[in-house]
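Given next are the chains, with one letter for each unit.
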Amino acid sequence: NAQKIMGQRYPPHALVVYTASVLFWAFLTRAWRALGLSSYLNREYSGLPNHQKILFNSHVISNLHALAAIYGGLVCYVCDDALNDPMLMAFNDSPARDTYLMITAGYLSHDLILCLYNQDTFGDALTIMHHALIVVAFITGTVVHIGTFYMASFLVNEVSTIFYNFNHFLAKSKDKHAAYYKANGLMLALTFLVFRICFNFYNLYLMGWNWYTLAYKRDMWRTETDTTRHVLAPFLSLLAVGHVVINVIWFFFICKAVARKLWRRSPEKTHVE
């Protein structure tokens, strides 16, 4: 069964889903901004300068994508037949998994364009590097059917994204001393620690152990005739490590920001914020 799956070719529907995803998120972003829907979410939105409105709207769209990605990640991780088979984890082809990966690849491609076009506002180097890395990994993995199980598992990272985006919304409300603003910061740090640090390191451990099982215990590299896998499997694994490293750096910055929130004194106690 594993050999049959490994021999399947790139599913045409994945390209369709990726293209549709890019167009969908681009259309949704423009429609959301044109209708001024963010003004219903935050009273301060109308007074923001244009570049800050673009940033605000991108956080709204990011949360919508996060919900889709979380659902897809849970479905692929919990309900996937590959969960207990190292061979299927490494090379299994799943139409459902490909679909969720291409939805996220399409969203990140769209967001990457926004970052590059608005670098002065929110196109920092780490974000651009992260988006480019994930897009390359997801598309490559889907095309050659390598490591998509691990990639789909990374989709649950988006749990922390929801609190990150709400941190931006609350910051624009100009009430940085409210208890809910600090509580959201704590939830951001906690969910980031659980879903982007602990879970990602577990995912790396699982991936490393399964590659060891396949390469040495099952002698896959000696018997594998497809030399493409000899190159792309280590390459995609390296991209996974890069993804984890970027998240560790982000976590350091988040912890510093949350610490500032918790120690920030209220206006009643000081005139300096």
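As the structure is a computational prediction, the values presented were derived from the model and not from experiment.

Take the overall build of the protein chain next. When its secondary structure is counted, the protein chain shows twelve helices and zero strands. In sequence order, the secondary structure elements of the protein chain are arranged as α-α-α-α-α-α-α-α-α-α-α-α. Long-range contacts, defined here as pairs at least 24 residues apart, represent 81% of the contacts in the protein chain between residues at least 6 apart. Roughly 14200 Å² of accessible area belongs to the protein chain as shown, and the carbon and sulfur atoms make up 66% of that amount.

Another point: helix α7 (residues 125–144). Taking 1.5 Å as the rise per residue, α7 with 20 residues should run 28 Å; its terminal C-alpha atoms sit 28 Å apart, in good agreement. Note on α7: the residue one or two positions beyond its end, histidine 145, has a positive phi of about 60°.

Turning our eyes to something else, we now look at the side chain of serine 109. Note on placement: serine 109 falls in helix α5 (residues 95–117). Accessibility expressed as a relative area gives 9% for serine 109, which makes it buried. For serine 109, the side chain forms a polar contact with the main-chain oxygen of alanine 105, separated by 2.8 Å.

Attention now goes to the packing of aromatic side chains. On inspection of all chains with the given rule, the structure shows 13 aromatic pairs. Ring plane angle 45° and centroid distance 5.0 Å describe the contact between phenylalanine 56 and phenylalanine 169, whose orientation is recorded as tilted. In this pair, phenylalanine 56 sits in helix α3 (residues 50–78) while phenylalanine 169 sits in helix α9 (residues 159–171), placing the two residues 113 residues apart along the sequence. For phenylalanine 56, a relative accessible area of 1% corresponds to the buried category. Given a relative accessible area of 13%, phenylalanine 169 falls into the buried group. Here tyrosine 202 and tyrosine 205 contribute two aromatic rings whose centre-to-centre distance is 6.5 Å and whose plane-to-plane angle is 40°, an arrangement assigned as tilted. Of this pair, tyrosine 202 and tyrosine 205 are both found in helix α10 (residues 179–217), three residues apart, which corresponds to roughly one turn of the helix. For tyrosine 205, a relative accessible area of 52% gives the class exposed. Sitting over the face of the ring of tyrosine 45, lysine 53 holds its NZ or CZ atom 5.5 Å from the ring centroid.

This next bit is on the nonpolar core. The biggest cluster of nonpolar side chains holds 52 residues, and the ones touching the most others in it are Leu101, Met102, Phe138, Ile146, Phe149 and Trp211. Looking at this core, the elements with two or more residues in it are α2 (12–34), α3, α4 (86–91), α5, α7, α8 (148–153), α10 and α12 (227–263). Leu188, Phe192, Ile197 and Ile254 belong to the second-largest nonpolar core, a separate cluster that totals ten residues.

Moving on: the side chain of asparagine 157. On the secondary structure map, asparagine 157 appears in the loop between α8 and α9. Setting aside residues up to four positions removed in sequence, asparagine 157 forms contacts with Phe195, Arg196, Phe199, Asn200 and His243.

Summing up the model confidence of the protein chain, the mean pLDDT is 86 and the portion of residues at 70 or higher is 87%. Note that pLDDT drops below 50 for residues 1–8; the model gives that stretch twelve contacts with residues more than four away or on any other chain. Residue range residues 269–273 is modelled with pLDDT below 50. Its contacts to residues more than four positions away, or to other chains, number four contacts.

Scanning the entire structure with this criterion turns up one salt bridge. Salt-bridge contacts for glutamate 158 lead to arginine 196; the nearest nitrogen and oxygen are separated by 3.2 Å. Here the residue glutamate 158 occupies a position in the loop between α8 and α9, and arginine 196 occupies one in helix α10, the gap between them amounting to 38 residues. Taken as a pair, glutamate 158 and arginine 196 share a single burial class, namely buried.

A word on the packing of α7 against α12. Packed helix pairs are characterised by how far apart their axes lie and by the angle those axes make with each other. In the contact formed by α7 and α12, the axes pass within 10 Å of each other and the chain directions differ by 150°. If you check the angle between α7 and α12, you find them roughly antiparallel. When the axes of α7 and α12 are compared, the crossing they make is left-handed. Of the residues in α12, those in contact with Leu126, Thr127, Met129, His130, Leu133, Ile134, Val136, Ala137, Thr140, Gly141 and Val144 of α7 are Leu232, Phe235, Leu236, Leu239, Gly242, His243, Ile246, Ile249, Trp250 and Phe253. Looking at the contact of α7 with α12, its residues break down into 15 nonpolar, six polar and no charged.

Reading guide: rules and limits
- Residues numbered from 1 in each chain as written.
- Predicted model: local features only at pLDDT ≥ 70, side-chain atom pairs only at ≥ 80, totals over all residues.
- Heavy atoms only, no water.
- Helix = DSSP H or I, 4+ residues; strand = E, 2+ residues; numbered from the N terminus.
- Contact = heavy atoms within 4.5 Å.
- Areas by Shrake-Rupley, 256 points an atom, 1.4 Å probe, with all protein chains shown as cover.
- Expected span 1.5 Å × (residues − 1).
- Buried < 20%, exposed > 50% of the residue type's maximum accessible area, 1.4 Å probe, protein only.
- Polar contact = N/O pair within 3.5 Å; in protein donor to acceptor, adjacent residues only side chain to side chain.
- Phe/Tyr/Trp six-rings, centres within 6.5 Å; stacked < 30°, edge-to-face > 60°.
- Lys NZ or Arg CZ within 6 Å of the ring centre and 35° of its normal.
- Core = buried A, V, L, I, M, F, W, Y, C linked by side-chain atoms within 4.5 Å.
- pLDDT = per-residue confidence, 0-100.
- Salt bridge = Lys/Arg side-chain N within 4 Å of Asp/Glu carboxyl O.
- Axes fitted to C-alpha atoms, helices over the stretch in contact; angles between N-to-C directions.
- Parallel < 35°, antiparallel > 145°, perpendicular 65-115°, else oblique.
- Left-handed = near helix turned anticlockwise from the far one by under 90°.
- Nonpolar A, V, L, I, M, F, W, Y, C, P; charged D, E, K, R; others polar.

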